[in-house]
Amino acid sequence: MDRQSESCCMICGEMKSEGIVVVHQFICSGCEQEIVRTDVKDAKYPIFIDRMRKLWMQLQA
Ligand SMILES: [Zn+2]
C-alpha cells in the first residue's frame, strides 16, 4: 500500500492518507480506530458491520 497517496475511506467517505486496506477497500485510521473501539452492543456497531457485509457481498457477486 502506498501511504503517500490519498484514498477515499469507505466508512466516512473522506480522502485520507493514513489507513488500512480491507478487501481492496480503504478504511482511514480514524474509522479503523472507531471500529476497534466500538463495542458489539454499541448502536454504531451494526452500521459498520452492515457496510462491511455489503462490501463483501459485492466482491463475492
Ligand atoms: Zn474514514
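A quick note: this is a predicted structure, and the numbers were derived from the prediction, not measured.

Draft legend 1. Examining the environment of Ile27 more closely. Structurally, Ile27 can be placed in strand S4 (residues 25-28). Judged by relative accessible area, which is 3%, Ile27 ranks as buried. What Ile27 contacts, discounting residues up to four positions off in sequence, is Cys9, Met10, Ile11, Gly19, Ile20, Val22, Glu32, Ile35 and Met52.

Draft legend 2. Here's a closer look at the state of the cysteines. Applying the stated criterion across every chain yields a total of 0 disulfides. Cys9 supplies the cysteine sulfur nearest to Cys8, a cysteine that is in no disulfide, at a spacing of 7.1 Å.

Cut-off values and rules
- Residues numbered from 1 in each chain as written.
- Predicted model: local features only at pLDDT ≥ 70, side-chain atom pairs only at ≥ 80, totals over all residues.
- Heavy atoms only, no water.
- Helix = DSSP H or I, 4+ residues; strand = E, 2+ residues; numbered from the N terminus.
- Buried < 20%, exposed > 50% of the residue type's maximum accessible area, 1.4 Å probe, protein only.
- Contact = heavy atoms within 4.5 Å.
- Disulfide = S-S within 2.5 Å.

Everything listed here is a matter of geometry and, on its own, says nothing about what the molecule does.
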